[in-house]
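Observations on the three-dimensional arrangement
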Amino acid sequence: MSFTGSMPNTIDASSLSDLPQRDEMLVARRRRLLGPGYKLFYRRPLEIVRAEGVHVYDRDGTEYLDCYNNVPCVGHSEATVSKAVADQVAVLNTNTRYLAEPILEYAERLLATHHGGLETAMFACTGSEANDLALRIARHATGRTGVVVTANAYHGLTSAVAEASPNLGPLGAHVRAVTPPSPGEDAQHAGPAFAHRVTGAIDDLRRQGIGTAAVLMDTIFASDGLVPEPRGFLAPVVEAAHAHGALFVADEVQAGFARTGDAMWGYQRHGVAPDLVTMGKPMGNGIPVSGVVARAELIERFGTEIRYFNTFGGSSVAIAAASAVLDVIERDALMANAREVGGYLLRELGSLGARYGGLRDVRGAGLFVAADCTSPHSDTHDPGVASRVVDGMRDRRVLISAAGSTGASLKIRPPLPFSKGDADRLLEVLAEVLASLDA
């Protein structure tokens with residue numbers, strides 16, 4: 001088994017061995033047909049053939065508790081979303097060049113969940129496209145090209161956002177990366193210190209003759225290992241961006257759609273007003289749809305002076321899926337569920353951390369929780385321990401992952417219908433795994 005780059009819990013198929021014959025054949029076929037760029041989860045990869053709610057099933061019908069997938073945010077194969085997509089695809093699926101009321105109704109509902117003058121929406125297919133579009137808008141509005149991100153951020157796969165994603169590799173010459181606050185950092189100093197680092201990055205770009213167009217940040221800092229607290233630490237960063245003529249872009253692909261339990265969007269937990277907000281993955285519960293919302297004048301100027309069209313962005317089927325997702329979030333009170341179940345999970349994980357030496361800095365917001373794995377009898381972050389925990393839980397039919405710059409942070413991010421009973425099962429299995437490591 002080998003980790004690839006800074007992508008924890010991704011396995012190079014060429015390093016796998018001792019698999020059942022069918023799995024070995026699938027791995028070899030996959031490698032031959034798809035090449036080495038496609039990685040797998042887990043030392044013993046899963047062949048998933050069916051999913052429902054917070055459970056997935058392999059080809060033998062074995063059930064696994066999914067504590068990782070945020071894309072099906074309202075649950076795998078959710079009936080309301082599935083029906084909306086099936087009904088719409090049977091009638092019409094076309095682009096935004098025609099008049100259509102559903103996209104307008106959805107835009108009104110989506111914008112009503114935002115605040116701070118975010119009055120206009122544009123649609124794309126993926127979070128990568130949304131972040132790419134947001135950078136285009138920011139660069140057009142400011143006449144600059146520079147971007148400031150965090151040290152292990154991931155913002156997408158297009159050329160523009162890959163160059164602004166340290167998680168993927170080298171940065172573009174116009175990009176600077178800064179470290180976010182550390183988990184548990186003092187609330188009084190976290191925000192000002194973070195803003196000071198952002199200002200330093202903007203100054204460094206200026207010394208190279210590059211003006212800063214945007215400060216782009218995932219508001220839960222998922223790829224940086226999850227930094228949900230202290231609330232408010234983003235406010236000085238937004239002020240610093242504006243003081244230097246840059247726009248603040250809130251990447252809500254990870255934190256958005258009620259996941260934190262406190263608010264619909266991660267930036268709202270910090271009490272800030274972004275200039276642009278990007279959304280993706282959970283927006284259509286697996287149907288490709290993403291979006292950018294922004295201050296009206298930004299999109300007015302961009303839309304007037306720059307040609308933009310996305311064939312599948314905001315298509316009839318995508319909007320049907322996205323509308324159904326909002327329906328289910330509201331109908332099933334999933335924000336409240338994320339707050340209540342996530343709070344319970346966080347407290348009980350803290351208790352586990354007190355009992356087992358290899359678990360430190362338990363943290364989270366709603367149904368997005370992380371904890372650092374450390375070497376036995378030390379506080380040194382240990383990705384090997386995290387890997388053993390992830391695989392140990394997989395072997396006991398509970399699926400989580402790892403994150404952070406070293407891959408030492410456990411990443412727990414289930415679909416939002418996750419229940420207290422589901423949390424108890426996760427906790428019981430995690431305790432078993434941690435006990436086996438201590439044995």
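Description of the structure in this document. Being a predicted model, the structure only gives us computed values, none of them experimental.

Rules and cut-offs
- Residues numbered from 1 in each chain as written.
- Predicted model: local features only at pLDDT ≥ 70, side-chain atom pairs only at ≥ 80, totals over all residues.
- Heavy atoms only, no water.
- Buried < 20%, exposed > 50% of the residue type's maximum accessible area, 1.4 Å probe, protein only.
- Helix = DSSP H or I, 4+ residues; strand = E, 2+ residues; numbered from the N terminus.
- Pairing = 2+ DSSP bridges.
- Core = buried A, V, L, I, M, F, W, Y, C linked by side-chain atoms within 4.5 Å.
- Contact = heavy atoms within 4.5 Å.
- Expected span 1.5 Å × (residues − 1).
- Arc of directions from axis to C-beta.
- Polar contact = N/O pair within 3.5 Å; in protein donor to acceptor, adjacent residues only side chain to side chain.
- Axes fitted to C-alpha atoms, helices over the stretch in contact; angles between N-to-C directions.

Topic: the pairing of strand E12 (residues 369–373)
The buried fraction of E12 amounts to five of the five residues, a majority that puts the element mostly inside the structure. Here strand E11 (residues 359–364) runs beside E12; their pairing, made up of four bridges, is antiparallel. Bridge assignment links Arg-360 to a residue of E12, and that residue is Asp-372. In terms of strand pairing, E12 meets strand E15 (residues 409–412) through four bridges, oriented antiparallel. Considered in E15, the bridge of Ala-370 is made with Lys-411.

Details of unusual backbone geometry
With an omega of -5 degrees, the peptide bond running from Glu-229 to Pro-230 counts as cis. Positionally, Pro-230 belongs in the loop between strand E7 (212–218) and helix H7 (235–243). Look at Ala-258: it is not a glycine, yet its phi comes out positive at around 75 degrees. Note on placement: Ala-258 falls in the loop between strand E8 (247–251) and helix H8 (266–269). With a phi angle near 50 degrees, Ala-333 is a residue other than glycine that sits in the positive phi range. Within the fold, Ala-333 resides in the loop between helix H10 (316–331) and helix H11 (334–355).

Some thoughts on the nonpolar core
Grouped together as the largest cluster of nonpolar side chains are 96 residues, with contacts concentrated most on Met-217, Phe-257 and Val-389. For this core, the element with the highest residue contribution is H10, accounting for 10 residues. Val-389 has contacts with Cys-373, Ile-400, Leu-410, Leu-430, Val-433, Leu-434 and Leu-437, leaving out every residue within four places of it along the chain. Counting residues in each nonpolar core, the second largest holds 24 residues, with Leu-133, Ala-153, Ala-164 and Leu-216 among its members.

A word on helix H6 (residues 187–207)
With 21 residues, H6 extends 31 Å from end C-alpha to end C-alpha; this agrees with the ideal 30 Å at 1.5 Å per step. Along H6, the residues classified as buried are Ala-190, Gly-191, Phe-194, Ala-195, Val-198, Thr-199, Ala-201, Ile-202 and Leu-205. One side of H6 carries all its buried residues, which in axial view fall inside an arc of 160 degrees. Set apart from the buried face of H6 by more than 90 degrees, the exposed residues are Gln-188, His-196 and Arg-207. For H6, the secondary structure elements touched by its buried residues are strand E5 (146–150), strand E6 (175–178), E7 and H7. One side-chain oxygen of the residue at the start of H6 lies 3.1 Å from the amide nitrogen of Gln-188, identifying that residue as Asp-186. Of the residues flanking the end of H6, it is Gly-209, one or two places downstream, whose phi is positive at about 80 degrees.

Remarks on helix H1 (residues 21–34)
Given a rise of 1.5 Å per residue, 14 residues ought to cover 20 Å, and the 20 Å separating the end C-alpha atoms of H1 matches this to within 8%. Looking one or two residues past H1, Gly-35 carries a phi angle of roughly 80 degrees, positive in sign.

Re the sheet that holds E11
Across the sheet, which stays open at both edges, the four strands sit in the order E11-E12-E15-E14 with antiparallel pairing between neighbours. At either end of the open sheet lies a strand with only one pairing partner, and these are E11 and strand E14 (401–403). Taking the axes of each pair of neighbouring strands and ignoring which way they run, one obtains an average angle of 30 degrees across the sheet. Packing of H11 onto the sheet brings it into contact with E11, E12 and E15, and relative to E11 it is tilted by some 170 degrees.

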